[in-house]
Every structure is written in structure tokens, then in C-alpha cells.
Amino acid sequence: MRRPSWLRLRAGAAIVPATVLIAAGLPATAHAAPARTVATPASVSTAGQVSPLSAGDGSAAGAVQWMKNHVGSTGWEHYCEKAVENAYGTTGVWASAIAHWNGATHHSGTKPPAGSFVYWNISSYGHVGIADGNGGFYSTSIGGKIGHASSVSHFSHYLGWTAAAVPHR
């Protein structure tokens, strides 16, 4: 038996908005992984004025601000590398925190510059956060969400830090 046309239309109409969301890179449900965000360093208004740098704009200050803006978020839990890459306005550069650590120039010290990546060897994937410039950092897995810790010794097996820059290979 064939459905009445109004039922066919209603079912098809529900598919279109979901398709548009997926094509736009937006999560179709509240439980979807955070969407990739691409930001430009600055934008020019119609009056020709350049706006200030902002979170996720590729700068160290923007990365720290992005992490601050996401404190309390649970959407990046178990995706620390994705979170720190998103803080710099990119994603998908490194497969894991330990791969990022192994592919970058290392530095030691417990007070890395603001926006630097800080690393721990706490699992086979490692762990990474963004330094606040005062000896602390922002990261996932602080109380099950993105949070702030006042010292890089918050997690065991601190490895060190790499320069504040948009992640690249």
C-alpha cells in the first residue's frame, strides 16, 4: 500500500535539514563531535577596519582564549589533540598527542609560554594541553571536561612543551 503524499513529503522534509547540516559540517545531533572550525586571523569590516584577533584565529592568545571559552565542555573528552588543534583554528593534523610531541621540537621547563602545547605521557596516545603562560594550562580531562590546572604537574609523567603555533607537520 502506498503512503499518502503528505506523509511522503513529511518524511522527505525531515531528511533535507539533516542533509544540509551534515553538508555544512554541523553536528546533526547534540551528541555529535564538535564541528571543525576554520578561522581567519582577522576580518575587515565594511568600513575598512580590521577586527582584533579572536579565539581560534591561529595566534597563541587566541588559542588560550578558545580554551577559556570552552571550560566546562565535555565534547572533547578523550580528544585532547583535537581540542588543542581546534584552539588554533585547525583540526586533523596529528593523530594523537604523542604523535604531535614526537613530530615537534621539544622544550623543557615547567613554565612554558602562553599558547604553547604541554604534553604528558599518560597513555599510548599521550595527553596535550595549552599553556596559560603562568605555569598552568587548559586541557581536556580535568574533572571530565575542559578545565584549567595551575601547574603542569597536575598530570603525572610531564614531558615538556612545544612552541605556540598552528599545528603542522
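Here the structure is a predicted model, which means the values were calculated and not measured.

Chemist: Help me out: how do you make sense of the overall build of the protein chain in this one?
Modeler: The helix and strand inventory of the protein chain stands at four helices and five strands. Shown N-terminal to C-terminal, the secondary structure of the protein chain runs as helices and strands in the order α-α-α-α-β-β-β-β-β. Here the protein chain holds 169 residues, and 34% of them are scored as buried. A fraction of 54% describes how many contacts in the protein chain between residues 6 or more apart in sequence connect residues 24 or more apart.

Chemist: Got a minute to help me understand the side chain of Ser 139 in this structure?
Modeler: Here Ser 139 is to be found in strand β3 (residues 137-139). Within the structure, the side chain of Ser 139 is placed 2.6 Å from the side chain of His 127, a separation counted as a polar contact. When sequence neighbours within four positions are dropped, the list of residues in contact with Ser 139 reads Met 67, His 127, Val 128, Gly 129, Lys 145, Ile 146, Gly 147 and Phe 155.

Chemist: How should I be thinking about the nonpolar core in this particular structure?
Modeler: One recurring pattern in soluble globular proteins is that nonpolar side chains are buried together. Judged by nonpolar contacts, the single largest core of 19 residues is most densely connected at Trp 66, Met 67, Phe 117, Val 128 and Ile 130. Put simply, the parts of the chain that give this core at least two residues each are α2 (60-69), α3 (80-87), α4 (97-103), β1 (117-120) and β2 (127-131). In contact with Phe 117, other than residues within four places in its own chain, are Val 84, Tyr 88, His 100, Val 128, Gly 129, Ile 130, Gly 160, Trp 161, Thr 162, Ala 163, Ala 165 and Pro 167. With nine residues, the next largest nonpolar core counts Trp 120, Ala 131, Ile 142 and Val 152 among its residues.

Chemist: What should I look at first to understand the packing of α2 against α3 in this one?
Modeler: Orientation of α2 relative to α3, taken along the N-to-C sense of each, is 125 degrees, at an axis distance of 8 Å. Between α2 and α3, the crossing angle belongs to the class labelled oblique. Residue-level contacts link Gly 62, Ala 63, Trp 66 and Met 67 of α2 to Ala 83, Asn 86 and Ala 87 of α3. Residue composition of the contact of α2 with α3, grouped by class: five nonpolar, two polar and no charged.

Chemist: What should I look at first to understand the sheet that holds β3 in this one?
Modeler: Sheet strands pair via backbone hydrogen bonds, and the direction of the pair is either parallel or antiparallel. Pairing in this open sheet of five strands is antiparallel, and the strands run β4-β3-β2-β1-β5 from one edge to the other. The strands lining the two open edges of the sheet, one partner per strand, are β4 (147-149) and β5 (158-162). On average, each strand axis in the sheet is tilted by 35 degrees relative to the strand beside it, whichever way the strands run. Relative to β5, β1 is paired through four bridges, and the arrangement is antiparallel. Counterpart to Tyr 119 in the pairing with β5 is Gly 160. Each of β2 and β3 is contacted by α2, which is oriented at about 55 degrees to β3, the strand it contacts most.

Chemist: How do you make sense of the side chain of His 100 when you look at a structure like this?
Modeler: Looking at the element boundaries, His 100 is found in helix α4. Take His 100: its relative accessible area is 3%, and that puts it in the buried class. When neighbours within four sequence positions are excluded, His 100 is seen to be in contact with Glu 81, Trp 94, Phe 117, Tyr 119, Thr 162 and Pro 167.

Chemist: It is not clear to me how the pairing of β1 should be interpreted in this structure. Could you clarify?
Modeler: On a regular strand, each side chain points to the face opposite its neighbour's, so the side chains alternate between the two faces of the sheet. On β1, burial covers both faces: Phe 117 and Tyr 119 on one face and Val 118 and Trp 120 on the other are all buried. Where β1 and β2 come together, four bridges link them in antiparallel fashion. The partner of Trp 120 across the bridge, within β2, is His 127. Connecting β1 to the antiparallel partner β2 that follows it, the hairpin turn spans six residues, and Gly 126 within it adopts a positive phi of roughly 70 degrees.

Chemist: Would you mind going over unusual backbone geometry with me for this structure?
Modeler: Outside of glycine, negative phi angles account for most residues, and trans bonds account for most peptide bonds. Unlike most non-glycine residues, His 78 shows phi in positive territory, near 75 degrees. Considering the arrangement of structural elements, one finds His 78 in the loop between α2 and α3. The phi dihedral of Ser 141 falls on the positive side, at around 65 degrees, and the residue is not glycine. Summarising the element assignment, Ser 141 is placed in the loop between β3 and β4.

Thresholds applied
Residues numbered from 1 in each chain as written. Predicted model: local features only at pLDDT ≥ 70, side-chain atom pairs only at ≥ 80, totals over all residues. Heavy atoms only, no water. Helix = DSSP H or I, 4+ residues; strand = E, 2+ residues; numbered from the N terminus. Buried < 20%, exposed > 50% of the residue type's maximum accessible area, 1.4 Å probe, protein only. Contact = heavy atoms within 4.5 Å. Polar contact = N/O pair within 3.5 Å; in protein donor to acceptor, adjacent residues only side chain to side chain. Core = buried A, V, L, I, M, F, W, Y, C linked by side-chain atoms within 4.5 Å. Axes fitted to C-alpha atoms, helices over the stretch in contact; angles between N-to-C directions. Parallel < 35°, antiparallel > 145°, perpendicular 65-115°, else oblique. Nonpolar A, V, L, I, M, F, W, Y, C, P; charged D, E, K, R; others polar. Pairing = 2+ DSSP bridges.

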